[in-house]
Amino acid sequence: MVDTKVVLSGWEIDNPVIPASGTFGYGKEFSELYDINILGSFSFKGTTLEERFGNPTPRICDCASGMINSVGLQNPGAKHVLEKELPEMDKYFKKKVIANVSGFSVEEYAETVEILDASEKIGLFEINISCPNVHNGGMAFGTKPENAAAVTKAVKAVTKKPVYIKLSPNVTDITEIARACEDAGADGLSLINTMLGMRIDLNKKKPVLANKTGGFSGRAIFPIALRFVYQVYEAVKIPVIGMGGVATAEDVIEMMLAGATAVEVGAENLVNPYASKEIIEALPLAMEKYKINSLKDIIGGAHNG
Amino acid sequence: MEKVIYKLKSNTALTDSVFKMVLEGDTKSITASGQFVNILIDGLYLRRPISVCDYDENSLTLIYKVVGKGTEKLSKMTHGRLDILTGLGNGYNLSKSGNKPLLIGGGAGVPPLYNLCKKLINEGKKVTVILGFNKKEAVFFENEFRSLGAEVYVATADGSYGTKGFVTDIMKDLTYSYFYTCGPEMMLKAIDKIAKTSGQLSFEERMGCGFGACMGCSCKTKYGNKRICKDGPVLEREEIIW
Ligand SMILES: Cc1cc2nc3c(=O)[nH]c(=O)nc-3n(C[C@H](O)[C@H](O)[C@H](O)COP(=O)(O)OP(=O)(O)OC[C@H]3O[C@@H](n4cnc5c(N)ncnc54)[C@H](O)[C@@H]3O)c2cc1C
Ligand SMILES: Cc1cc2nc3c(=O)[nH]c(=O)nc-3n(C[C@H](O)[C@H](O)[C@H](O)COP(=O)(O)O)c2cc1C
Ligand code: FES
């Protein structure tokens, strides 16, 4: 028997496979297809303090081996998530979940986490710092080390649960931001978020997305995401959750060898709703094939020697 | 919703750009007319949504217009299998139809009305259908609706067949108990302007998943935010914010 268990800051999960925020809703649609309790956990849709409708449509665009989205954080707001979505989730998902949180000011991040912190259902906070910072002319929090650190500190001050900061790949040097988060007290890091991209409709000769640009993700970004995880693993001591283009059990193993303690699966869930289940089922076989007894042993394995 | 591997039985041209595809496989998760399926196409990342035109226990009929890469690839298929998510969306609610429902379809929006028409006629309703196309060569399914027992009118924008003009030019002179429609948003809007009764309208939006997980297809309605793929594609006239 191979051992697929991994530990995220003291929280042991059955396997490292975690559907990524924004691609799994609150899990309900998937729970109607398979028993989602087989998942390590899942990260629910990015939550903000107030309800958000998000960007105008079209918000989705197809690409070779990937997709661009400009959903713009549509969510019902932290109070609704705490009072309605989390108790409802308890009916079909027995494990703890990852709460993905976004905000437009340092105070907003902290206030949102403070509200959600009341829920026993949440095992870990994943703080998405890719949104524009309203106090700083719209520059994303995730692009400046001092902003990333400020958000980390503010959130750490209001919760005892592990806080993982989700990093944007749209930066010059991700290791600088990773270190800033670590120094500010982050328990872990989560990467990568989507990469900025766009497409133009040849008939209309205008951008496909109403928002013009959006976040590119899916299989095409796997090698890029892997490189980011590899670099960040060398730069910090805290655990890393790796994601970006993961679609197979082999991808999970590769991400872990690069330095990921757990792995999130995003866009692949949208094209194949059984993707996370199939990856989990294939994982023990892939481990046997590559002579891996315990996944814990291979984290960062590609760096040795 | 369910994932089913369908076997292609036939794929025939109805016009120079519209094709009818008949597939063999389980249809038990299709529960209403006006629902749609989401098709995985070799070499493309996102699935392509197409309405259910007709179905019985073990066969599924789709009608699609070639507009881009995905539909082009579909049109070239002569045999093989397709990975499809079936039974998506809410579909039309038949219970509100009254005795003399009006069905209005425009272009690629005609297909989902076929199974709806069949069901309404089976329930003993007197169904009137208006089909709108650009020109004579683009007309399809006129006789199929007539064979079901519906009274059928056709409008073409250039007047090369049927009434010259738009579906609304015919609709304005008819009496009906309720209406059901599917077609380009411009047409839906025009229908909403002149309709004399309540009705249900089917919308399109670019989709990520097609089953409610990504929030890619949201719209605002008077009853709150809805996902076209899960809470739609059919919306009631009263809730729509244009
Ligand atoms: C619920 C629903 C039901 C539909 N039913 C039918 C039908 O029965 N018959 C039919 O001919 N067409 C139907 N359509 C439209 C059909 O989905 C598009 O024509 C098709 O996706 C185009 O794909 P493509 O690769 O050929 O075009 P491309 O332009 O290459 O597609 C690029 C991307 O845009 C999306 N896209 C393009 N046009 C549309 C559109 N009008 N609506 C939504 N997404 C679009 C594609 O899915 C793809 O992700 C329906 C759409 C929806 C949302
Ligand atoms: C439709 C969609 C919505 C997303 N929404 C969020 C979100 O709300 N919060 C967040 O941190 N990341 C969000 N993401 C990013 C993913 O969680 C993930 O980081 C990214 O897509 C890379 O993984 P992938 O290539 O497997 O999709 C979203 C991605 C997609 C495709
Ligand atoms: S397309 Fe994903 S929610 Fe509608």
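Residues numbered from 1 in each chain as written. Chains lettered and ligands numbered in written order. Predicted model: local features only at pLDDT ≥ 70, side-chain atom pairs only at ≥ 80, totals over all residues. Heavy atoms only, no water.

Peer 1: Would you mind going over the site of ligand 1 with me for this structure?
Peer 2: As a structural note, the neighbourhood of ligand 1 is formed by 19 residues, with Arg 48, Pro 49, Gly 70, Thr 71 and Arg 206 of chain B the closest of them. Each of chains A and B places residues near ligand 1. Contacts to ligand 1 include Ile 63 of chain B, whose backbone N or O atom sits 2.9 Å from a nitrogen atom. In this structure, an oxygen atom belonging to ligand 1 sits 2.7 Å away from a main-chain N or O atom of Lys 65 of chain B. In the complex, 86% of the free accessible area of ligand 1, which totals 820 Å², lies under the protein chains. Residue classes in the shell around ligand 1 are distributed as eight nonpolar, four polar and seven charged. (Near = heavy atom within 4 Å. Polar contact = N/O pair within 3.5 Å; in protein donor to acceptor, adjacent residues only side chain to side chain. Areas by Shrake-Rupley, 256 points an atom, 1.4 Å probe, with all protein chains shown as cover. Nonpolar A, V, L, I, M, F, W, Y, C, P; charged D, E, K, R; others polar.)

Peer 1: Which parts of the structure should I look at to understand the sheet that holds strand β13 (residues 199-202) of chain B?
Peer 2: Neighbouring strands of a sheet are bound in pairs by backbone hydrogen bonds; such pairs are parallel or else antiparallel. Residues and elements named next belong to chain B. Across the sheet, seven strands lie side by side as β11-β10-β9-β8-β12-β13-β16; this open sheet has mixed pairing. On the outer flanks of this sheet lie β11 (163-164) and β16 (234-236), each paired with one strand and no other. Direction of pairing for strand β9 (residues 128-133) relative to strand β10 (residues 151-156): parallel, over a ladder of six bridges. Pairing of Thr 128 across the sheet is with Glu 151, part of β10. The strands touched by helix α2 (residues 112-122) are β8 (101-106), β9 and β12 (178-182); relative to β8, the strand with the most contacts, the crossing angle is about 165°. Those strands touched by helix α5 (residues 185-194) are β8, β12 and β13, and its axis lies near 165° from that of β12. (Pairing = 2+ DSSP bridges. Helix = DSSP H or I, 4+ residues; strand = E, 2+ residues; numbered from the N terminus. Contact = heavy atoms within 4.5 Å. Axes fitted to C-alpha atoms, helices over the stretch in contact; angles between N-to-C directions.)

Peer 1: Honestly, unusual backbone geometry in this entry has me stumped. Any pointers?
Peer 2: The phi torsion of most residues other than glycine is negative, and most of the peptide bonds are trans. Put simply, Thr 57 of chain A and Pro 58 of chain A share a cis peptide bond, and its omega is -5°. Within the element layout of this structure, Pro 58 of chain A appears in the loop between β4 (43-47) and β5 (60-63). A cis geometry characterises the amide bond from Gly 232 of chain B onward to Pro 233 of chain B, with omega recorded as 10°. Its location among the elements puts Pro 233 of chain B in the loop between β15 (224-227) and β16. Even without glycine at this site, Ser 65 of chain A takes up a positive phi of about 60°. Relative to the elements of secondary structure, Ser 65 of chain A occurs in the loop between β5 and β6 (66-69).

Peer 1: Can you walk me through the packing of aromatic side chains in this structure?
Peer 2: Each pair of aromatic rings is reported with the distance of its centres and the angle of its planes. On inspection of all chains with the given rule, the structure shows 16 aromatic pairs over all chains. On the basis of an interplanar angle of 85° and a centroid distance of 5.5 Å, the ring pair of Tyr 92 of chain B and Tyr 180 of chain B is categorised as edge-to-face. Here the residue Tyr 92 of chain B occupies a position in the loop between β7 (81-88) and β8, and Tyr 180 of chain B occupies one in strand β12, the gap between them amounting to 88 residues. This pair shows no difference in class: Tyr 92 of chain B is buried, exactly as Tyr 180 of chain B is. On the numbers, 5.1 Å between centres and 65° between planes, the contact of Tyr 178 of chain B with Tyr 180 of chain B is edge-to-face. Counting every residue linked through ring pairs, the aromatic cluster contains Phe 24, Phe 30, Phe 42 and Phe 93 of chain A together with Phe 211 of chain B. Above the ring of Phe 53 of chain A, the side-chain terminus of Arg 59 of chain A is found at 4.8 Å from the ring centroid. (Phe/Tyr/Trp six-rings, centres within 6.5 Å; stacked < 30°, edge-to-face > 60°. Buried < 20%, exposed > 50% of the residue type's maximum accessible area, 1.4 Å probe, protein only. Lys NZ or Arg CZ within 6 Å of the ring centre and 35° of its normal.)

Peer 1: Explain the sheet that holds strand β5 (residues 54-56) of chain B to me, please; I cannot follow it from the model alone.
Peer 2: Residue and element names in this part refer to chain B. Spatially, the seven strands line up as an open sheet ordered β4-β3-β7-β1-β2-β6-β5, and their pairing is antiparallel. Whereas interior strands pair on both sides, the edge strands pair on one side only; in this sheet they are β4 (48-51) and β5. On average, each strand axis in the sheet is tilted by 35° relative to the strand beside it, whichever way the strands run. Of the strand pairs in this sheet, strand β3 (residues 36-40) and β4 are connected by four bridges, and their pairing is antiparallel. Among the inter-strand pairings, Asn 38 is bridged to a residue of β4, identified as Pro 49. Strands β4 and β5 of the sheet are contacted by α2, whose axis makes an angle of about 55° with β5.

Peer 1: What am I meant to see in the pattern of salt bridges here?
Peer 2: Oppositely charged side chains can form a pair if their charged atoms are brought close together. Residues and elements named next belong to chain B. Overall, the coordinates contain 25 salt bridges over all chains when judged by the stated rule. With a closest N to O distance of 3.6 Å, Lys 3 and Asp 83 form a salt bridge. A residue pair is termed long-range when its members are at least 10 positions apart, and Lys 3 in strand β1 (residues 2-13) and Asp 83 in strand β7 qualify at 80 residues. Taking the relative accessible area as the measure of exposure, Lys 3 reaches 28% and is therefore partly exposed. Residue class for Asp 83 comes out buried when judged on its relative accessible area of 16%. (Salt bridge = Lys/Arg side-chain N within 4 Å of Asp/Glu carboxyl O.)

Peer 1: Help me out: how do you make sense of the site of ligand 2 in this one?
Peer 2: Residues and elements named next belong to chain A. Near ligand 2 there are 22 residues, and of these Ser 21, Lys 166, Gly 218, Gly 245 and Ala 267 occur at the shortest range. In this structure, Ser 21 approaches ligand 2 through a main-chain N or O atom, which is 2.8 Å from an oxygen atom. About the coverage of ligand 2: the protein hides 98% of its 610 Å² of free accessible area. When its residues are assigned to classes, the shell around ligand 2 shows six nonpolar, 14 polar and two charged.

Peer 1: Just checking my understanding: could you explain the environment of Glu 2 of chain B for this structure?
Peer 2: All names here are of chain B. In this structure, Glu 2 sits in strand β1. In the structure, Glu 2 is positioned 137 residues away from Val 139 in sequence and 33 Å away in space, judged by C-alpha atoms. Beyond its immediate stretch of four places on either side in the chain, Glu 2 contacts Asp 26, Lys 28, Ser 29, Ile 84, Leu 85 and Thr 86. Within the local environment of Glu 2, its side chain forms a polar contact with the side chain of Lys 28, the two groups lying 3.0 Å apart.

Peer 1: Help me out: how do you make sense of helix α9 (residues 275-289) of chain A in this one?
Peer 2: An α-helix turns once per 3.6 residues; consequently, residues spaced three or four apart project the same way. Residues and elements named next belong to chain A. Given a rise of 1.5 Å per residue, 15 residues ought to cover 21 Å, and the 20 Å separating the end C-alpha atoms of α9 matches this to within 8%. Where α9 bends most, at Leu 283, the angle is about 40°, and the proline Pro 284 comes one to four residues later. All of the buried residues along α9 are Ala 275, Ser 276, Ile 279, Ile 280, Leu 283, Ala 286 and Met 287. Looking at the buried positions of α9, the neighbouring elements they touch are β3 (17-19), α7 (249-258), β16 (260-265) and α8 (268-271). Following α9 by one or two positions, Lys 291 has its phi on the positive side, about 55°. (Expected span 1.5 Å × (residues − 1). Bend = angle between axes of the 7 residues up to and from the residue.)

Peer 1: Honestly, a negative patch on the surface in this entry has me stumped. Any pointers?
Peer 2: Residue and element names in this part refer to chain A. Residues Glu 50, Glu 107, Glu 111 and Glu 114 make up a contiguous surface patch of negative charge. Note on placement: Glu 114 falls in helix α3 (residues 106-116). Judged by its relative accessible area of 48%, Glu 114 is partly exposed. (Patch = residues over 30% accessible without salt bridge, like charges linked within 9 Å, V, L, I, M, F, W, Y side chains within 5 Å. Lys, Arg positive; Asp, Glu negative; His and termini not counted. Charge placed at Lys NZ, Arg CZ, Asp CG, Glu CD.)

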